[in-house]
Amino acid sequence: MSAPGWRPGDARADTGSMIRVDQAGEYGATRIYAGQLAVLGDRHPASRAIARMAAQERRHLDAFDQLMAERGIRPTLLQPVWNVAGHALGAVTALMGPDAAMACTAAVETEIDEHYSEQLRALGEDDPDLAATIAEFQAEEIEHRETAIAAGAENALGYPVLSAFIRAGCRAAIALSKRI
Ligand SMILES: [Fe+2]
Ligand SMILES: [Fe+2]
């Protein structure tokens, strides 16, 4: 699905696919944090920072849900997969410990930051409203990454491997959600 006025052959970015993958990503993020909070509970020292980030992800998700409704874009068919996979990733990393939970956030947000940069490049002057939304959320994702690093992400046992594994998973999820 494409922006109004688009004709085959036009160079215009496929904003329908962009919004679909972004909604999927923000949905996944809410599920990851929900999984972490399910394990850590609301008394753990890390929980406050996680709950604050989770609230921002909820806002991001609501914005993309609204854009999808306004523009008649269907969600990814993989939503049920991201529901389970996101929650599992959050729960497993939290079970490994708070540093691993933060390592998960740092890894995910690194990929999301790159993904949003790519989208902003692809949009160029097209769809300034969407570009402004993406830029605003990207700034918060960068903040999440910095929060996670400051909270000890890099102290997680096996950090390089864990980080590389999660980043590869994110890239795969992004590639799939663009198409399906
Ligand atoms: Fe987000
Ligand atoms: Fe985030």
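See the structure printed just above.
Keep in mind that what you see is a predicted model, and the values were worked out from it rather than measured.

Student: Quick one: what's the story with the coordination of the iron ion (ligand 2), residue by residue and with numbers?
Tutor: Every protein donor of the iron ion (ligand 2) is listed here as Glu57 (OE), Glu109 (OE), Glu141 (OE) and His144 (ND1), and their distances to the metal cover 1.8 to 2.3 Å. Viewed at the metal, the four donor atoms of the iron ion (ligand 2) are separated by angles of 88 to 125°, and the geometry they form is tetrahedral. Binding-site remark: the iron ion (ligand 2) is held by donors from one chain whose sequence spacing is E-x51-E-x31-E-x2-H. Residue glutamate 141 is classed as buried on the basis of its relative accessible area of 1%.

Student: For the pattern of salt bridges, give the residues involved together with the corresponding values.
Tutor: For the structure shown, the criterion picks out nine salt bridges. We note a salt bridge from glutamate 136 to arginine 59, for which the minimum N-O separation is 2.3 Å. Taken together, the residues glutamate 136 in helix H5 (residues 128-150) and arginine 59 in helix H2 (residues 47-71) connect sequence positions 77 residues apart. For glutamate 136, a relative accessible area of 39% translates into the label partly exposed. Assessed through its relative accessible area of 37%, arginine 59 is described here as partly exposed. Among the charged side chains, a network of salt bridges with common partners joins Glu111, Glu114, Arg167 and Arg171.

Thresholds applied
- Every chain is numbered independently, its residues counted from 1 as its sequence is written.
- Starting at A for chains and at 1 for ligands, labels are handed out in the order in which the entities are written.
- For this predicted model, a pLDDT threshold of at least 70 governs which residues receive local features, and a threshold of 80 or more governs which side-chain atom pairs are given and counted, while totals over whole chains, interfaces and linings are taken from all residues.
- Side-chain numbers come from the whole structure's heavy atoms, not from hydrogens or water.
- Counted as donors are the N, O and S atoms within 2.8 Å of the metal, or 3.2 Å for Na, K and Ca, while water is not among the atoms, so some sites may look incomplete.
- In short, tetrahedral needs four donors with all angles between 85 and 135 degrees, square planar needs four and octahedral six donors with opposite donors over 155 degrees apart and all other angles between 65 and 115, and whatever is left is irregular.
- Only protein chains enter the accessibility calculation, which uses a 1.4 Å probe; a residue is then buried when its area is under 20% of its type maximum, exposed when over 50%, and partly exposed in between.
- Salt bridge, as used here: a side-chain nitrogen of Lys or Arg that lies within 4 Å of a carboxyl oxygen of Asp or Glu.
- For the purposes of this entry, the term helix denotes a DSSP run of H or I that reaches at least four residues, the term strand denotes a run of E that reaches at least two, and both are numbered from the N terminus.

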